[in-house]
Amino acid sequence: MYRYDEFDAGFVNERVSQFSDQVYRRLAGDMTEDEFRPLRLMNGVYLQLHAYMLRVAIPYGTLNSAQLRRLGRIARDYDRGFGHFTTRQNIQYNWPALKDVPAILAELAEVEMHAIQTSGNCIRNVTADHFSGAAQDEIADSRPYAEILRQWSSIHPEFSYLPRKFKIAVTGAAHDRAAIRVHDIGLEVRRNDKGEIGFGVFVGGGQGRTPMIAREVREFLPEADLIAYTDAILRIYNLYGRRDNKYKARIKILVHETGIEVLKQDIEAEFERIKDGALKLPAEEVARIEAYFAMPDLPARPATSAVLEAAAGADPELARFAEVNLHPHKVPGYASVTISLKPIGGIPGDASADQMDLVADIARAHAFDEIRVSHEQNLVLPHVALDDVPAVYAQLKTLGLATANAGLITDIIACPGLDYCALANARSIPVASRLSERFGDPARQAEIGPLSIKISGCINACGHHHVGHIGILGVDRRGEEFYQITLGGSPDETASVGNIVGRGFGSDDIVDAVEKVVDTYLAVRTDADEPFLATYRRVGDAPFKEALYGA
Amino acid sequence: MQQIVTGNRLIDGVVVFRGPGGSWVEAVDAAEVLGDDAASEAAFAAAMRDFANCVVVDVALIDVKAEAGHVVPLRLRERIRAEGPTVKSDYRPDLRPWDVRQIG
């Protein structure tokens, strides 16, 4: 994986000492809250309902075991023994004391991590497919490009005060696991008929109060133009994006109000002006960054594993885990293992310090020291020999990390909601826990098949409800929690925004309502091979409306 | 309308309530309950001096119902601030989960 050079290390250390001094001055009374707030936000420190919250960047969701172990240590020493992995592949600590934040940031810097640009109107953590570098179906590893974008966008002076925050996602495969079409910029690695690498470029996607699917502005952008073209998009956005209304400030609104064709002309004109300048990406530089992400040396193995087959034959739970939580690897005899942070009835995305230590140990022993965080709030071991899966599973099981539900109905995305978040209108986690318990029976989950439930506690949509097959949005109706259901959302290459199916449900009724939707699907699907989304797209809202609200 | 003054302690962010005599306390039941507008205004003004003096941040007056020694904020958001998250957690034995229907 990428290692800091002297510039990265020097810069991060400098920022730690700068912010330490700012915290010291604030606590000493030499700075007002108005003066301090923007400085703490630039370093990932929010004030939430119960305490400060520190959001730590995990670039493109990639960690090594030393970093994960350090995240666990911080949870244990400075927080309440756990951390929360987010839909942007970051980790949040819910209870740090402001006085401890300088020490936490110093601990992070020791393992080449930081909390810079995890808040504010800047380019945020660049996210990527969590199976990057391992997935059988990818054209190329997306992380080197994400890293190049990270280097270009880190404290970029021109893009530090954008109209609003800006999120970029990269996928290396045509099958989009990084939700690129609901990002401000989405990049899909493609290969042209000459065998050259380039990008499909999508602009103007986003969720929040005005969900939009991104528009394709380039079918094939040559690799060498990646930074120049991205820079051109940011410049046009910085120039024309609205600053008069926070709710209309994202690039999706600019795309919508200006029209993609006009905006594309502006982007292309700016690109034409700068494309042969300093931003041209030399092939040697791409190769230099790619070398950091080289596939570990995976010894050749048979495509199937007698060890795994024998162990699975003797243990139905292991068999289910292997069937559900393994993803095809590009090297025969290996798989990517999803470690579900969605125990039945638990809190989506939470991991204890002990769990982080355990995953770090397993990664070191069995997974070539690599760990990923997925935007679905799970962890992934990208490279595991099939022969090692029984041992990995047995260790995961000791701390409740072996839930076999990747991609199934209990693999729920949920934002922190009103239990933690100062912006939320309703709680998300208890709804996720109750749904998980309702559908937790493995046989029932298997019968239902691939189905995503995504829950947000307010219209900001951190829980991605717009792109859930079943989306749930919590609202406050005269002091009561109320939940709206949307159907048919999808974050992949067939991206769509879910439709509101009708009036919302109270907290006591929402779980039954979702069950009615699921039972309706089971009744109207052609057969067990037609997944929920396909059924919904075939039959539309009508049967679900009827089940929920009567004829 | 009964009110109390709340905020977060600057140094660690912990939720606190303004108690009798102007101290800041962590237990909502120990908050000074303000019975009229004049009392609320005076307490809020005093709390804002503590904000200016870098003791607390996010100072606010909130509506409560006080009876039998218990102070219960009216809005769910404020009840969650006072009582902690409602969700069960395997990792936080110090904080018990609670059911919003059990209080108030």
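Cut-offs and rules
Residues numbered from 1 in each chain as written. Chains lettered and ligands numbered in written order. Predicted model: local features only at pLDDT ≥ 70, side-chain atom pairs only at ≥ 80, totals over all residues. Heavy atoms only, no water. Helix = DSSP H or I, 4+ residues; strand = E, 2+ residues; numbered from the N terminus. Rg over C-alpha atoms; globule rule 2.2 N^0.38 Å. Buried < 20%, exposed > 50% of the residue type's maximum accessible area, 1.4 Å probe, protein only. Contact = heavy atoms within 4.5 Å. Areas by Shrake-Rupley, 256 points an atom, 1.4 Å probe, with all protein chains shown as cover. Lys, Arg positive; Asp, Glu negative; His and termini not counted. Charge placed at Lys NZ, Arg CZ, Asp CG, Glu CD. 1 Å grid on protein atoms, 1.4 Å probe; cavity = no way out; pocket = protein on both sides within 12 Å on 5 of 7 lines; lining within 4 Å. Points joined across faces, edges and corners; volume = space filled by probe spheres on them. Nonpolar A, V, L, I, M, F, W, Y, C, P; charged D, E, K, R; others polar. Domains from an automatic or database assignment. Pairing = 2+ DSSP bridges. Axes fitted to C-alpha atoms, helices over the stretch in contact; angles between N-to-C directions. Buried area = accessible area lost by both parts, 1.4 Å probe. Salt bridge = Lys/Arg side-chain N within 4 Å of Asp/Glu carboxyl O. Polar contact = N/O pair within 3.5 Å; in protein donor to acceptor, adjacent residues only side chain to side chain. UniProt positions renumbered as here; feature names shortened; annotations may be inferred.

Along chain A, the regular secondary structure elements total 18 helices and 21 strands. Its C-alpha atoms give chain A a radius of gyration of 23 Å, near enough to 24 Å, the size a compact globule of 551 residues would have. Expressed as a percentage of its 551 residues, the buried residues of chain A come to 63%. By sequence separation, contacts in chain A at least 24 residues apart represent 68% of the contacts at least 6 residues apart. Here chain A has roughly 20,300 Å² of accessible surface; of this, 51% comes from carbon and sulfur atoms. Here chain A carries 60 positive and 76 negative side-chain charges, and the mean point of each set is 5 Å from the other.

As a further point, take empty space enclosed by the protein. Residue and element names in this part refer to chain A. Per the counting criterion, the structure on display carries 6 cavities of 30 Å³ or more. Forming the walls of the largest cavity are 15 residues, and the residues nearest its centre are Ile116, Arg124, Asn125, Arg150 and Ser154. Class assignment for the residues of the lining of the largest cavity results in 7 nonpolar, 6 polar and 2 charged. Taken domain by domain, the makeup of the lining of the largest cavity includes at least three residues from each of domain 1 (6-110) and domain 2 (135-292). Lining the second largest cavity are Val12, Arg15, Val16, Phe19, Asn43, Leu105, Ala109, Met113, His114, Ala115 and Ile116. Elements supplying a minimum of two residues to the lining of the second largest cavity: α1 (6-27) and α4 (101-110).

What follows is about the sheet that holds strand β3 (residues 62-64) of chain A. All names here are of chain A. Ordered by their spatial adjacency, 5 strands build an open sheet running β3-β14-β15-β12-β11, and the pairing between neighbours is antiparallel. In this open sheet, the two edge strands, each paired with only one partner strand, are β3 and β11 (326-328). Direction aside, the axes of adjacent strands within the sheet are offset by 35° on average. Here strand β14 (residues 370-373) runs beside strand β15 (residues 379-385); their pairing, made up of 2 bridges, is antiparallel.

Our next topic: the sheet that holds strand β7 (residues 168-171) of chain A. Residue and element names in this part refer to chain A. Taken in spatial order, the 5 strands make up an open sheet running β6-β7-β8-β9-β10, and their pairing is mixed. What marks the edges here is a single partner per strand, and that holds for β6 (127-128) and β10 (215-222). For β6 and β7, the ladder comprises 2 bridges, and the chain directions are parallel. Residue pairing for β7: Thr127 is matched across the bridge by Ala169. Packing against the sheet, helix α6 (residues 226-240) makes contact with β7, β8 (185-191), β9 (197-203) and β10, and its axis sits at approximately 155° to β10.

Turning next to the layout of surface pockets. Residues and elements named next belong to chain A. Put simply, the second largest pocket is a space of about 920 Å³. Around the second largest pocket, the lining is made up of 36 residues, and of these His175, Glu376, Ala406, Gly407 and Pro450 lie nearest the centre. Elements with a minimum of two residues in the lining of the second largest pocket: α11 (316-325), β11, β17 (453-456) and α17 (532-539). No other element matches α17, which puts 4 residues into the lining of the second largest pocket. Looking at side-chain class alone, the lining of the second largest pocket contains 15 nonpolar, 13 polar and 8 charged residues.

Our next topic: the interface of chain A and chain B. Across the contact, 35 residues belong to chain A and 28 residues belong to chain B. With both sides pooled, the region where chain A packs onto chain B buries about 2,500 Å², and carbon together with sulfur makes up 61% of that total. Here chain A and chain B share 0 salt bridges between them. Here chain A and chain B share 7 residue pairs in polar contact (both at pLDDT 80 or more) between them. Elements that contribute at least two residues to the side of chain A that touches chain B include exactly α1, β13 (350-352) and α14 (429-438) of chain A. A per-class count over the side of chain A that touches chain B returns 18 nonpolar, 7 polar and 10 charged.

All names here are of chain A. The residues that UniProt annotates with the feature "domain: Nitrite/sulphite reductase 4Fe-4S" (unreviewed entry) are residues 119-273 and 414-522. Across residues 119-273, the secondary structure splits into 31% helix and 18% strand, with the terminal C-alpha atoms separated by 31 Å. In this annotation, residues 414-522 is assigned 28% helix and 23% strand; the end-to-end C-alpha distance for the span is 24 Å.

Moving on to the domain arrangement of chain A. Residue and element names in this part refer to chain A. Segmenting chain A into domains produces domain 1 (6-110), domain 2 (135-292), domain 3 (306-398) and domain 4 (413-549). Between domain 2 and domain 4, the C-alpha centre-to-centre distance is 30 Å. Between domain 2 and domain 4, the contact holds 11 residues from the first and 13 residues from the second. Taken together, the links from domain 2 to domain 4 amount to 0 salt bridges. Counting across the domain 2 and domain 4 interface gives 4 residue pairs in polar contact (both at pLDDT 80 or more). The residue makeup of the side of domain 2 that touches domain 4, split by class, is 5 nonpolar, 3 polar and 3 charged.

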